[in-house]
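A closer look at the structure
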Amino acid sequence: MPNGVWVFIEPGEHDIAPISRELLGKGRELAEALGQPLAALIIGSQVETLTERAFALGAASAYLVDDPALAHYTSDGYVAAAAALIREHAPELLLTGTSFQMRDFAAALAAELNVGLVVDATAITLEDGQISVVRPSHGGNVLNTMQFGAARPAIIAARKQSFPAAQAQAERSGQVIRGTLPATAMRTQVTETSAKSGAVNLADASVIVSGGRGLGNAENYYKLIPPLAAALGGAYGASRAIVDAGWVPYEHQVGQTGKTVSPKLYLACGISGAIQHLAGMRTSRTIVAINQDADAPIFRAATYGITGDVNEILPLLTAELQQRLG
């Protein structure tokens, strides 16, 4: 019999990763609807402290494999550790994020267990006990609703900022169930990792201000977009057109061939709204478009639209925000 809803816990810079907080919140909702417990799945080296954070955020138990061989992510190690626990304890559902590592992990684990997988989920519901998942496709123009067969666990990799984050509660505790890493042939060995210089974490940003060709040139981009992003406490992105033109590094590109983002607020400044760009930001909760072309496609996706010259509007908007927000 299936035993609970599990959330794979990813470590963050000072806490568990934001996506794991979101999935613990959603996982608790699904677990209550199924009448099953919520559990955390924690794999790595020296990661036992993450169990306490998972308990504070709602998990009733934590399945833990802590082994020096798991200090760096590899498909072989993480899948072997997770598969052994899942075969023994039989969860109903496993939720993960959609980072590069988690996409690899979720797919390899589903193949190992011969179970169903949905990636890039933006909504998860229960209908008569059946798990239903919504996944955007075709640049966000199509919403696919998918259901799982009888094989368990159902594995769902969810898009960041699709669900409210779980809130910590003081003095919560839970049970730690320890697993071990089975004898596994590690085909990949990580010898060194280092942070990329100038890397931009658009995927975790709750506010993104992006610029496009309507800004006119690179000088205007840097004069207007980063200050507005800073005033809002957000990150700054770009359309493919100005990345290809050499105005902005690729790390800032939002779109089908760049980053897929789902912030709470997305400002598209001087961006016409080509399908490639819409594919990367259409699931943002609130979209504000500023463009002097009233017929630009971006307005069809926008929550709010301003028709006008970004080079005139953005300095006024930034100054007003700086004054109001101090």
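Structure first, text after, so check above.
From a predicted model like this one, the values you see are computed outputs, not experimental measurements.

1. Points about helix 9 (residues 310–325)
The end-to-end C-alpha distance of helix 9 is 21 Å, a good match for the 22 Å that 16 residues give at a rise of 1.5 Å each. Among the residues of helix 9, V310, I313, L314, T318 and L321 are the ones counted as buried. Summarising the axial view, the buried residues of helix 9 lie within an arc of 130°, below the 170-degree limit, and thus occupy one face. Those residues of helix 9 that are exposed and angled more than 90 degrees off the buried face are E312, L316 and Q323. If you follow the buried residues of helix 9, they end up packed against helix 5 (218–231), strand 13 (265–269), strand 14 (286–291) and strand 15 (304–307). The backbone nitrogen of N311 lies 2.9 Å from a side-chain oxygen of the residue at the head of helix 9, namely D309. Residue G326 follows helix 9 closely and has a positive phi angle near 75°.

2. Here's the deal with the nonpolar core
Core analysis: the biggest nonpolar cluster contains 34 residues, and L24, L95 and I156 have the highest contact counts within it. Here this core gets five residues from one element, more than from any other, and that element is helix 1 (residues 18–34). Those residues in contact with I156, other than ones at most four positions away along the chain, are L93, L94, L95, T96, V118, A121, I124, I131, V133 and F148. Judged by nonpolar contacts, the second largest core, of 29 residues, contains V65, V79, A82 and L181.

3. A closer look at the sheet that holds strand 14
Reading across the sheet, the five strands line up as 12-11-13-14-15 and stay open at both edges, with parallel pairing between neighbours. Of all strands in the sheet, those with a lone pairing partner are strand 12 (235–238) and strand 15, marking the two edges. Neighbouring strand axes in the sheet, compared pairwise and without regard to direction, differ in orientation by 15° on average. Summarising the sheet, strand 11 (residues 207–211) and strand 12 pair through four bridges and their orientation is parallel. Its bridge partner being in strand 12, S210 is matched across the sheet by G237. Strands strand 11, strand 12 and strand 13 of the sheet are contacted by helix 5, whose axis makes an angle of about 140° with strand 12.

4. Section: the packing of aromatic side chains
Under the counting rule described, the total for this entry stands at six aromatic pairs. Measuring from ring centre to ring centre gives 4.1 Å for W6 and Y63, while their planes differ by 25°; the resulting arrangement is stacked. Within this pair, whereas W6 is found in strand 1 (residues 5–8), its partner Y63 is found in strand 3 (residues 61–66), the two being separated by 57 residues in sequence. Comparing W6 with Y63 shows no difference in burial state: the two are buried. Judged by centre distance (4.9 Å) and plane angle (65°), the rings of Y73 and Y78 are edge-to-face. Exposure class is identical for Y73 and Y78. Each is buried. Clustering of aromatic rings is evident, with ring pairs tying together F8, Y73, Y78 and F105.

Conventions used here
Residues numbered from 1 in each chain as written. Predicted model: local features only at pLDDT ≥ 70, side-chain atom pairs only at ≥ 80, totals over all residues. Heavy atoms only, no water. Helix = DSSP H or I, 4+ residues; strand = E, 2+ residues; numbered from the N terminus. Expected span 1.5 Å × (residues − 1). Buried < 20%, exposed > 50% of the residue type's maximum accessible area, 1.4 Å probe, protein only. Arc of directions from axis to C-beta. Contact = heavy atoms within 4.5 Å. Polar contact = N/O pair within 3.5 Å; in protein donor to acceptor, adjacent residues only side chain to side chain. Core = buried A, V, L, I, M, F, W, Y, C linked by side-chain atoms within 4.5 Å. Pairing = 2+ DSSP bridges. Axes fitted to C-alpha atoms, helices over the stretch in contact; angles between N-to-C directions. Phe/Tyr/Trp six-rings, centres within 6.5 Å; stacked < 30°, edge-to-face > 60°.

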